[in-house]
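# Report on the structure
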Amino acid sequence: MRCSESWAARVADIGLVLLLSALGTYLWRGLGVLLSGRIAVNGEFFTWVTCVTYAMIAGLVMRIVVMPSGLLATSLTWHRLLACALGLAAYYAFRRNLLLAVTVGAGSLIVLNYLR
Amino acid sequence: MQSAAFRTGVRESFGVPGGVLAATYIGFGALAFSGGIPVWVVIASTITIWALPGQLVMVDMWQIGAPTIAILLAVTLTNARFLPMTVTVMPVIRDRGHPEWIYYVAAQCVAMSSWIICMRRGPELPARERVAYLGGLAAGFIAIGVVAAVVGYYIAESIPPVMQIGMVFLAPVYFIIFLIVEVRTRLVAIALACGGIAGPLLYLLTPQWSVLLAGFIGGTLAYALQRKLGRTRG
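Below: a short report on this structure. (Residues numbered from 1 in each chain as written. Chains lettered and ligands numbered in written order. Predicted model: local features only at pLDDT ≥ 70, side-chain atom pairs only at ≥ 80, totals over all residues. Heavy atoms only, no water.)

### Quick word on the overall build of chain B
Counting its regular elements, chain B contains twelve helices and zero strands. A compact globule built from 234 residues should have a C-alpha radius of gyration of about 17 Å, and chain B, at 19 Å, falls within 12% of that. Its C-alpha atoms give chain B principal-axis dimensions of roughly 60 × 55 × 30 Å. Residue burial in chain B is summarised as follows: out of 234 residues, 59% are buried. Considering only residue pairs separated by 6 or more positions, chain B has 76% of its internal contacts joining residues 24 or more positions apart. A total accessible area of about 9,300 Å² is found for chain B, and carbon and sulfur atoms account for 72% of it. The centroid of the 15 positive side-chain charges in chain B is displaced by 12 Å from the centroid of its 8 negative side-chain charges. (Helix = DSSP H or I, 4+ residues; strand = E, 2+ residues; numbered from the N terminus. Rg over C-alpha atoms; globule rule 2.2 N^0.38 Å. Buried < 20%, exposed > 50% of the residue type's maximum accessible area, 1.4 Å probe, protein only. Contact = heavy atoms within 4.5 Å. Areas by Shrake-Rupley, 256 points an atom, 1.4 Å probe, with all protein chains shown as cover. Lys, Arg positive; Asp, Glu negative; His and termini not counted. Charge placed at Lys NZ, Arg CZ, Asp CG, Glu CD.)

Here is the structure:
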């Protein structure tokens, strides 16, 4: 944790992280304009990029569900997994409504955790 | 004419996709609050990064004290999808009547929500108006995202932990469901499985580098597996 640092140091630190993250993100968007019409996007490199992107997001959210930090860590792992399953079930049960599915998922974690 | 197209874009952002976006950004705001992130970072990241997975990666890694270079690499790599997305949306929105710099501004509007809609709706509009339409769409979505994130942040601050836990869970549960139901190809399925297993395992080894490594190792493994499977099949 970075709690021990001073307020100003924290602001400077996250400000730098934010600036670099924003630039790193814009890099791809700007390059996309520059390279449009000149590169094929269905090549091997982009296939690999797709894999890395999906794997990274899946890795992060699975870790948050299985080994959370902070407040989520006070709930039970099987409750979080069950809540995900209920959300998924709601998605298919109610005409593929993602908004409803997410609400059911988050709502059932509140209920499961409360009933404990 | 241009401003009419912009307004059409703004109007169309307030639909079902806008609702889902609001729910996820409410969750992001709550998650950021519980992670001790200042509210200005929540607002600024929504405008400047404008990509929820990248924002989640940034907030999560910063919270556990990951090195700046690891955060930069992980966020940059998760957002690499914007290159092919921008490349494919450009022929849709490009028109000779506009100066080139317009497209470098429009590129910031490229995110999953606006990209999907623009790819579908764009060809139905006159070529000249499409950039303005995309701009309006993104402006609406970004406004929804910023407002929702701030609302989520302050709601999380004011409700008891019993309720807060559900709000913090909104963004993760959204991605779990979205990723599972959006699997269209075997490649994506393998990549999700590899990353989903690698993420928690690598977290045990090296929390600070786990997100970056899970993407890199899990993704490369998935890519190699797909090639191998493709070969045995074909």
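### Some words on a nonpolar patch on the surface
All names here are of chain A. Taken together, Leu76, Trp78, Leu82 and Leu86 make up a surface patch of nonpolar side chains, about 360 Å² in accessible area. Turning to its location among the elements, Leu82 is positioned in helix H3 (residues 77-93). For Leu82, a relative accessible area of 33% puts it in the partly exposed group. (Patch = residues over 30% accessible without salt bridge, like charges linked within 9 Å, V, L, I, M, F, W, Y side chains within 5 Å. Salt bridge = Lys/Arg side-chain N within 4 Å of Asp/Glu carboxyl O.)

### Re the packing of helix H2 (residues 44-66) of chain A against helix H10 (residues 161-181) of chain B
Following both chains from N to C, one finds H2(A) and H10(B) inclined at 130°, their axes separated by 10 Å at the closest point. Between H2(A) and H10(B), the crossing angle belongs to the class labelled oblique. The handedness of the crossing between H2(A) and H10(B) is left-handed. The residues of H10(B) that touch H2(A), namely those facing A:Tyr54, A:Ile57, A:Ala58, A:Val61, A:Met62, A:Ile64 and A:Val65, are B:Phe169, B:Pro172, B:Phe175, B:Ile176 and B:Leu179. Among the residues making up the contact of H2(A) with H10(B), the classes are represented as twelve nonpolar, no polar and no charged. (Axes fitted to C-alpha atoms, helices over the stretch in contact; angles between N-to-C directions. Parallel < 35°, antiparallel > 145°, perpendicular 65-115°, else oblique. Left-handed = near helix turned anticlockwise from the far one by under 90°. Nonpolar A, V, L, I, M, F, W, Y, C, P; charged D, E, K, R; others polar.)

### Notes on unusual backbone geometry
Residues and elements named next belong to chain A. Phi angles above zero are rare outside glycine, and Arg95 is one such case at about 45°. Following the sequence through the fold, Arg95 ends up in the loop between H3 and helix H4 (98-115). Even without glycine at this site, Arg96 takes up a positive phi of about 55°. Residue class for Arg96 comes out exposed when judged on its relative accessible area of 52%.

### With respect to the nonpolar core
Residue and element names in this part refer to chain B. Membership of the largest hydrophobic core comes to 113 residues, with the highest contact counts inside it found for Met58 and Ile93. It is helix H9 (residues 130-158) that provides the largest number of residues to this core, a total of 14 residues. In contact with Ile93, not counting residues within four places along its chain, are Tyr103, Ala106, Cys118, Ala127, Arg130, Val131 and Leu134. (Core = buried A, V, L, I, M, F, W, Y, C linked by side-chain atoms within 4.5 Å.)

### Overview of the packing of aromatic side chains
Remark: the centre distance and the inter-plane angle together describe each pair of aromatic rings, the angle taken between the planes. In this structure the tally under the stated criterion is ten aromatic pairs over all chains. Ring centres of A:Phe45 and A:Phe46 lie 5.4 Å apart, and the angle between their planes is 70°; this geometry places the pair in the edge-to-face category. On the basis of relative accessible area, A:Phe45 is assigned to the partly exposed category, the value being 48%. Assessed through its relative accessible area of 9%, A:Phe46 is described here as buried. On the basis of an interplanar angle of 20° and a centroid distance of 5.4 Å, the ring pair of B:Tyr174 and B:Phe178 is categorised as stacked. Of this pair, B:Tyr174 and B:Phe178 both sit in helix H10, four residues apart, which is roughly one turn of the helix. Residue B:Phe178 is classed as partly exposed on the basis of its relative accessible area, which comes to 21%. (Phe/Tyr/Trp six-rings, centres within 6.5 Å; stacked < 30°, edge-to-face > 60°.)

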